[in-house]
Amino acid sequence: MNMNRIFSPYRMAFVGMALSVLTACGGGQSGVVGDNQFAVETLNSTVSHQTKQYPASIRGFQDIEIRPQVSGFIVKLCVDEGAFVRKGQALFQIDPTQYKAAYDQAKAAVESAKANLKTITETEANKKMLHEQQIISDFEYQTAQNNLLSAKATLAQAEANLTAAKQNLGFCTVTSPSDGVVGTFPYRIGALVSPSVAEPLTTVSQINDIYAYFSLTEKDLLELTRAGGTLEEQVGKMPAVKLQLSDGSMYEESGKIDAVSGVIEQTTGSVSMRAIFPNAKNILRSGGSANVVFPYVIENILLVPQSATVDIQDKKFVYVLQADSTVKYTEIKISNLNDGKNYIVLDGLKSGDKIAVEGVTRLSDGMKITPISQAQKEAKFQQALKDQREGNLATAFN
């Protein structure tokens, strides 16, 4: 009987258990591969790419209030709320009855004035001929000339009235002054509106490009101006900014800061800034909110992995490798800024220091270790797994 075959299940169970133990030791926070071996990392000065977020309000390139220029009842809504309209497209129809009547009346007055002018013009020509023949007096001829001037003035006035009546009739059809997206309608069919109404009929927002307005702190503004050159020059050198939408997603197009207010708000100590974003797909709408994401780079800093730190009473500690291969429990000061994986060290470490980057929960102050690199740790771990799979239990746990 083959003894290896009999004990094979037991052997496999043992190997599986050993594999589980080793896997637990090789992952997470333990960082141990073999006796007293811990991965360490040398700290070097580097740069950190960070971002700041500023709440922003979104406005269209133009937000035009649509107000009636004549009084009357709304008889037709030519578009729906939220529709995209072209310049000159009809939006509302105001009852034109009285304005059509005024137009017809003014038009008739023009025709009457023209007829009267024609008659008086012919009369003046006849009077002129008689005056030249000294048949009529100077006074009578002068009167004919005055009548002609008066008839011309009457025609001009009638034509002006016709122009005004025609314009008022045209105002009965309220049109869009530009391409854009229509807002809400506070007034519906049957509502009496006039040029003095409190609310506009609607708003047309031109949103091919969108403005995001946000505020920058005075401290940040000073940092910009101290960088050299005028504020306008520094604004021109600013990197592209991103926009985080209200649902947390990032807007796909990048924007550019194009304007800075010249006045610092006294109550908040901030300055208003504006970024412009392309909006060809009309995803952004005027009146919305978002966060402007402002990128910047911090140079000559030290980064430590968050997994390499120990938290005690709101303080951060790391284990620094000493010359005699012992580790020293060292407090560090960190920045509030981080990328979710690393901390920016403000104090407690210097370039060239070596720290334990894994297995820190197993360490203690003054403990002597065998330092290895991350690559060595991973290589030993993979070799141990291989030994287990191949049944080399004598070497799997070395």
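**Considering the overall build of the protein chain**
Inference 1: Tallying secondary structure elements over the protein chain gives 7 helices and 19 strands in all.
Inference 2: The buried share of the protein chain, taken over its 398 residues, is 34%.
Inference 3: Expressed as a percentage of contacts within the protein chain between residues at least 6 apart in sequence, the contacts between residues at least 24 apart total 75%.

**Observations regarding the nonpolar core**
Inference 1: Among the nonpolar cores identified, the biggest contains 23 residues, and Phe214, Val241, Leu243, Ile257, Phe277, Leu284 and Val292 are the most heavily contacted of them.
Inference 2: Broken down by secondary-structure element, the contributors of at least two residues to this core are strand E2 (46–66), strand E9 (202–217), strand E10 (242–245), strand E12 (270–278) and strand E13 (289–305).
Inference 3: No other element matches E9, which puts 5 residues into this core.
Inference 4: When near neighbours in sequence (up to four residues on either side) are disregarded, valine 241 contacts Ser254, Gly255, Lys256, Ile257, Ala275, Phe277, Val292, Val293, Phe294 and Pro295.
Inference 5: Formed by 19 residues, the second largest nonpolar core is a distinct cluster that contains Ile66, Val79, Tyr187 and Val193.

**Points about helix H3 (residues 138–171)**
Inference 1: Over its 34 residues, H3 extends 50 Å from the first C-alpha to the last, a length consistent with the 50 Å expected when each residue adds 1.5 Å.
Inference 2: Among the residues making up H3, those that are buried are Tyr141, Ala144, Leu148, Ala151, Leu155, Ala158, Leu162 and Ala165.

**Things to note about unusual backbone geometry**
Inference 1: Of note in the backbone geometry, glutamine 134 takes a positive phi value of approximately 55° without being a glycine.
Inference 2: The residue glutamine 134 is located in the loop between helix H2 (97–132) and H3 in this model.
Inference 3: Even without a glycine there, the phi angle at glutamine 313 is positive, about 50°.
Inference 4: When you line up the elements, glutamine 313 lands in the loop between strand E14 (310–312) and strand E15 (315–321).

**Some remarks on the pattern of salt bridges**
Inference 1: Following the criterion strictly, the structure yields 10 salt bridges and no others.
Inference 2: One salt bridge connects aspartate 311 with lysine 316, and the closest N-O pair in it is separated by 2.8 Å.

**What about helix H6 (residues 374–389)?**
Inference 1: Counted at 1.5 Å a residue, the expected span for H6 with its 16 residues is 22 Å, and the 23 Å between its end C-alpha atoms agrees.
Inference 2: Buried within H6 are the following residues: Lys377, Phe381, Ala384, Leu385, Asp387 and Gln388. Looking straight down H6, one finds its buried side chains confined to an arc of 160°; they lie on one side. Set apart from the buried face of H6 by more than 90 degrees, the exposed residues are Ala375 and Arg389.
Inference 3: Just beyond H6, the residue with positive phi is glycine 391, at close to 80°.

**Some thoughts on the confidence of the model for the protein chain**
Inference 1: Summarising the model, the protein chain shows a mean pLDDT of 84, and 85% of its residues fall at 70 or more.
Inference 2: Long-range and interchain partners of residues 1–34, a stretch whose pLDDT sits below 50, account for 45 contacts in this model, where long-range means more than four residues apart.

**Quick word on the environment of arginine 188**
Inference 1: On the secondary structure map, arginine 188 appears in the loop between strand E7 (180–182) and strand E8 (192–193).
Inference 2: Taking C-alpha positions, arginine 188 is 8.5 Å from valine 75, a pair spaced 113 residues apart along the chain.
Inference 3: Among residues more than four places away in sequence, those in contact with arginine 188 are Ile74, Leu77 and Glu81.
Inference 4: Within the local environment of arginine 188, its side chain forms a polar contact with the side chain of glutamate 81, the two groups lying 3.1 Å apart.

**Considerations on the packing of aromatic side chains**
Inference 1: Within this structure, the stated rule accounts for 8 aromatic pairs.
Inference 2: Centroid distance tyrosine 251 to phenylalanine 277: 6.3 Å. Interplanar angle 70°. Geometry classified as edge-to-face. One end of the pair, tyrosine 251, is in the loop between E10 and strand E11 (256–265); the other, phenylalanine 277, is in strand E12, with 26 residues separating them in the sequence.
Inference 3: Aromatic ring contacts, followed pair by pair, group Tyr54, Phe214 and Phe294 into a single cluster.

**Notes on the pairing of E2**
Inference 1: Bridge analysis of E2 against E13 gives 11 bridges, and the strand direction is antiparallel. Bridge assignment links serine 48 to a residue of E13, and that residue is isoleucine 298.
Inference 2: Looking at chain direction, E2 and E9 are connected through 10 bridges and run antiparallel. Opposite glycine 60, over in E9, you have isoleucine 210 as the bridge partner.

**Quick word on the sheet that holds strand E3 (residues 72–77)**
Inference 1: With antiparallel pairing, the 4 strands of this open sheet are ordered in space as E6-E5-E3-E8. This sheet does not close on itself; its edge strands, each paired only once, are strand E6 (173–175) and E8.
Inference 2: Relative to strand E5 (residues 90–94), E3 runs antiparallel, the two being bridged by 3 bridges. Within E5, the residue paired with lysine 76 across the bridge is glutamine 93.

Reading guide: rules and limits
- Residues numbered from 1 in each chain as written.
- Predicted model: local features only at pLDDT ≥ 70, side-chain atom pairs only at ≥ 80, totals over all residues.
- Heavy atoms only, no water.
- Helix = DSSP H or I, 4+ residues; strand = E, 2+ residues; numbered from the N terminus.
- Buried < 20%, exposed > 50% of the residue type's maximum accessible area, 1.4 Å probe, protein only.
- Contact = heavy atoms within 4.5 Å.
- Core = buried A, V, L, I, M, F, W, Y, C linked by side-chain atoms within 4.5 Å.
- Expected span 1.5 Å × (residues − 1).
- Salt bridge = Lys/Arg side-chain N within 4 Å of Asp/Glu carboxyl O.
- Arc of directions from axis to C-beta.
- pLDDT = per-residue confidence, 0-100.
- Polar contact = N/O pair within 3.5 Å; in protein donor to acceptor, adjacent residues only side chain to side chain.
- Phe/Tyr/Trp six-rings, centres within 6.5 Å; stacked < 30°, edge-to-face > 60°.
- Pairing = 2+ DSSP bridges.

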